[in-house]
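Residue-level structure breakdown
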Amino acid sequence: MSTLNSKLQTPNIPRNARIYIAGHRGLVGSGIWRAFERRGFTNLLGKSRDEVNLINQQAVDDFFAAEKPEYVVLVAAKVGGILANSTYRGQFIYENLMIEMNVIHAAKVHGVKKLLFLGSSCIYPKMAPQPMLEEYLLTGPLETTNEPYAVAKIAGIRLCDAYNRQYGTNFISAMPTNMYGPGDNYHPENSHVLPAFIRRFHEAKEQGLEKVTCWGSGSPLREFLYSDDLAEACIFLMENINYADVAHEDSTGTVQSHINVGSGSEISIKALAEIVADVVGYKGEIEWDRSKPDGTPRKLMDSSKLRKLGWEPKVKIREGIGRAYQDFLERYTG
Ligand SMILES: NC(=O)c1ccc[n+]([C@@H]2O[C@H](COP(=O)([O-])OP(=O)(O)OC[C@H]3O[C@@H](n4cnc5c(N)ncnc54)[C@H](OP(=O)(O)O)[C@@H]3O)[C@@H](O)[C@H]2O)c1
């Protein structure tokens, strides 16, 4: 295995290569699609769940056999906030495992040149030292609220590693922090904290409410990354980084190859609520319901590995929330 400092091989994907973005209509996938288009890629493949349901192994294999993608970005997943994750535990582990197993296996069977699998910062132990390094994976118990989702994501990373080592595939994994941006999910129960705040504060402003009650104490610290920044990181990884460049043995002798993708800035949930309220123009009181769970107290990833390789985020949080709110207004109002 080479080390992080090994010379990058820069494969420079041809602009007419067949690139399949699994999950191209969601928050992250749509950003990655736009970023590939901006760079002049002309042969992007995307299928909705109705066209190819990725939990169906036969459908996935048929799709790969017919369309012959050369490169794959595996973005598709069942995704949600604390409530959805802790309520639909069976669906979160089953659907995510099936999607990963089917797509990663089909990529191996059909000779895909490179695959990028997107995991999540939820893979790290609940009490991991902060900021979280890649090698903290599997060093302690997970946060219980989203454990089924995290276990499935860990299985995806390990599947990529195992296939690379047994079959010589070139499958890499990126672990994004909390994402937000155009195309986000604003569902009242199933959304993540930032889009949920955008919707709630917007509705509170529209309804003239004097008070908005938010879950928990507001004290947990979180890191957020704008979706276009993640999209740029994904293209950087696809174009420049191979498994051999990032795989290395950690201090316990375990081979680690996944890469953190974060902004490097953390903010309390309370401060986040105040920024969203300000951007949206909500002037009322923000109350905190401490009977509701907070989740992990602090979650900041150490993304220095990717930064040393050459990527860095560009969009500051207030600017990103402003853009996300414009997208919310265009899609949900008027
Ligand atoms: N959002 C975050 O804060 C965040 C943070 C860290 C990591 N991630 C990771 O980033 C990835 C994308 O997240 P996202 O927020 O963009 O999610 P999203 O907006 O909910 O989009 C999910 C996408 O996956 C597709 N999909 C889900 N189940 C499918 C199935 N059975 N068959 C085919 N397609 C299916 C959806 O297709 P349809 O549109 O056809 O339903 C949609 O395009 C996920 O792997 C997630 O774990 C997200």
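Look a little higher up for the structure.
In every chain, residue numbers begin from 1 and rise along the written sequence. Given that this is a predicted model, residues contribute local features only at a pLDDT of at least 70 and side-chain atom pairs are listed and counted only at 80 or more, while totals for whole chains, interfaces and linings are drawn from all residues. Side-chain numbers here rest on the full set of heavy atoms in the structure, without hydrogens or water.

1. Here's the deal with the site of the ligand
As a reminder, the rule being used: If a single non-hydrogen atom of a residue is within 4 Å of a molecule or strand, that residue counts as near it. Polar contact is the term for a pair of N or O atoms within 3.5 Å; when the atoms are in protein, one must be able to donate a hydrogen and the other to accept it, and sequence-neighboring residues count only if both atoms are side-chain atoms. For accessible areas, the Shrake-Rupley method is used with a probe of radius 1.4 Å. Any residue's cover is judged against the shown protein chains and nothing else. Segments assigned H or I by DSSP are reported as helices when at least four residues long, segments assigned E as strands when at least two residues long, and all are numbered from the N terminus. Charged means Asp, Glu, Lys or Arg here, nonpolar means Ala, Val, Leu, Ile, Met, Phe, Trp, Tyr, Cys or Pro, and polar covers whatever is left, Gly included.
Among the 26 residues in the neighbourhood of the ligand, the closest are listed as Val28, Val75, Tyr149, Lys153 and Met179. Contacts to the ligand include arginine 25, whose side-chain N or O atom sits 3.0 Å from an oxygen atom. In this structure, alanine 77 approaches the ligand through a main-chain N or O atom, which is 3.5 Å from an oxygen atom. Computed on the free molecule, the ligand has an accessible area of 900 Å², of which 90% lies beneath the protein chains in the complex. Those elements that provide at least two residues to the shell around the ligand are α1 (27-38), α5 (147-167) and β6 (178-180). Taken together, the residues of the shell around the ligand sort by class into 14 nonpolar, nine polar and three charged.

2. What about the side chain of aspartate 184?
We apply this condition: Relative accessibility decides the category of a residue: with a 1.4 Å probe and only protein chains considered, values under 20% of the type maximum give buried, values over 50% give exposed, and everything between is partly exposed. The charge count includes Lys and Arg as positive and Asp and Glu as negative, but it does not include His or the ends of the chains. For this analysis, a salt bridge means a side-chain nitrogen from Lys or Arg found within 4 Å of a carboxyl oxygen belonging to Asp or Glu. The criterion used for residue contact is that any of the two residues' heavy atoms lie within 4.5 Å.
Following the sequence through the fold, aspartate 184 ends up in the loop between β6 and α6 (193-207). Buried and unpaired, aspartate 184 has no salt bridge, with arginine 331 as the nearest side chain of opposite charge at 7.1 Å. In contact with aspartate 184, other than residues within four places in its own chain, are Leu27, Met179, Pro195, Asp327, Arg331 and Tyr332.

3. Quick notes on empty space enclosed by the protein
Worth spelling out the cut-off: Cavity and pocket criteria rest on a 1 Å grid covering protein atoms alone: a 1.4 Å probe that fits but cannot get out defines a cavity, protein on both sides within 12 Å along at least 5 of 7 lines defines an open pocket, and an atom within 4 Å of a point defines a lining residue. Grid points are joined across faces, edges and corners, and a volume is the space filled by probe spheres set on the points.
Applying the stated criterion across every chain, the model contains one cavity of 30 Å³ or more. Its boundaries defined by the atoms lining it, the largest cavity holds a volume of some 70 Å³. Every residue lining the largest cavity is listed: Ser121, Cys122, Tyr124, Pro125, Lys126, Gln130, Met132, Glu143, Asn146, Thr296, Arg298 and Lys299. Taken together, the residues that form the lining of the largest cavity break down as four nonpolar, four polar and four charged.

4. Here's the deal with the packing of α1 against helix α7 (residues 227-240)
The test is simple: Here an angle of 0 to 180 degrees is reported between the N-to-C directions of two axes, which are lines fitted to C-alpha atoms, with helices fitted over the stretch in contact. The labels follow the angle: roughly parallel below 35 degrees, roughly antiparallel above 145, roughly perpendicular from 65 to 115, and oblique for the rest. With the far helix as reference, a near helix turned anticlockwise by less than a right angle produces a left-handed crossing, and one turned clockwise produces a right-handed crossing.
Between α1 and α7, the least distance of the axes is 8 Å, while the angle of their chain directions is 60°. Our classification of the angle between α1 and α7 gives oblique. Both α1 and α7 take part in a crossing whose hand is right-handed. Each of Leu27, Val28, Gly31, Ile32, Arg34, Ala35, Phe36 and Arg38 in α1 lies in contact with α7, whose residues at this interface are Ser227, Asp228, Leu230, Ala231, Glu232, Cys234, Ile235 and Met238.

5. Details of the side chain of lysine 153
Position of lysine 153 among the secondary structure elements: in helix α5. Of the buried charged residues, lysine 153 lacks a salt bridge, with glutamate 100 as the closest side chain of opposite charge at 4.5 Å. Those residues in contact with lysine 153 that lie beyond four places of it in its chain are Ala77, Glu100, Phe117, Leu118, Gly119 and Ile123.

6. A word on α5
The line we're drawing: Multiplying 1.5 Å by the residue count of a helix minus one yields the expected span of that helix.
Spanning 21 residues, α5 covers 29 Å between terminal C-alpha atoms, matching the ideal 30 Å at 1.5 Å per step. Just downstream of α5, glycine 168 is the residue with a positive phi angle, here 75°.

7. As for the sheet that holds strand β1 (residues 19-22)
For the record, the criterion: When DSSP finds two or more bridges between two strands, those strands count as paired.
Pairing is parallel across the open sheet formed by six strands, whose spatial order is β2-β1-β3-β4-β5-β11. In this open sheet, the two strands that pair with only one neighbour each are β2 (44-45) and β11 (259-261). Where strand β5 (residues 171-176) and β11 come together, three bridges link them in parallel fashion. Looking at the pairing, alanine 174 lines up with isoleucine 259 of β11.

8. Things to note about the environment of arginine 200
Mapped onto the elements of the fold, arginine 200 is located in helix α6. Sequence-wise, arginine 200 and arginine 331 are 131 residues apart; in three dimensions their C-alpha atoms are separated by 15 Å. Not counting residues up to four positions away in its chain, the partners in contact with arginine 200 are Val212, Thr213 and Cys214.

9. Focus on the nonpolar core
Test applied: Nonpolar cores are built from buried Ala, Val, Leu, Ile, Met, Phe, Trp, Tyr and Cys residues. Side-chain atoms within 4.5 Å join them into one set.
Among the nonpolar cores identified, the biggest contains 39 residues, and Leu54, Phe64, Val103, Ile104 and Leu115 are the most heavily contacted of them. Taken together, the elements giving at least two residues each to this core come down to β1, α2 (57-67), β3 (71-74), α4 (89-109), β4 (114-118), α5 and β5. In terms of residue count, the dominant contributor to this core is α5 (seven residues). The residues touching valine 103, leaving out its near neighbours within four places in the chain, are Leu54, Val60, Phe64, Val72, Leu74 and Leu115. Among the nonpolar cores identified, the runner-up in size contains 38 residues, and Ile19, Val75, Leu118 and Ile235 belong to it.

10. With respect to the packing of aromatic side chains
We count it as follows: A pair of Phe, Tyr and Trp rings is counted when the ring centres sit within 6.5 Å of each other, with Trp represented by its six-membered ring. The angle between the planes then sorts it: under 30 degrees is stacked, over 60 is edge-to-face, the rest tilted. Cation placement over rings: the criterion is NZ of Lys or CZ of Arg within 6 Å of the ring centroid and within 35° of the ring normal.
Following the criterion strictly, the structure yields 14 aromatic pairs and no others. For the pair phenylalanine 63 and phenylalanine 64, a centre-to-centre distance of 5.7 Å together with 90° between the ring planes defines the contact as edge-to-face. The same class applies to phenylalanine 63 as to phenylalanine 64, namely buried. With centroids separated by 4.9 Å and ring planes inclined at 65°, the aromatic side chains of tyrosine 186 and phenylalanine 328 adopt a geometry described as edge-to-face. Taken together, the positions of tyrosine 186 in the loop between β6 and α6 and phenylalanine 328 in helix α11 (residues 317-332) put the pair 142 residues apart, joining distant regions of the chain. Owing to a relative accessible area of 1%, tyrosine 186 belongs among the buried residues under this scheme. One aromatic cluster is present, built from ring pairs that chain together Tyr186, Tyr325, Phe328 and Tyr332. Sitting over the ring of tyrosine 163, lysine 108 keeps its end group 5.8 Å from the ring centre. Against the face of tyrosine 167 rests lysine 108, its NZ or CZ located 4.1 Å from the ring centre.

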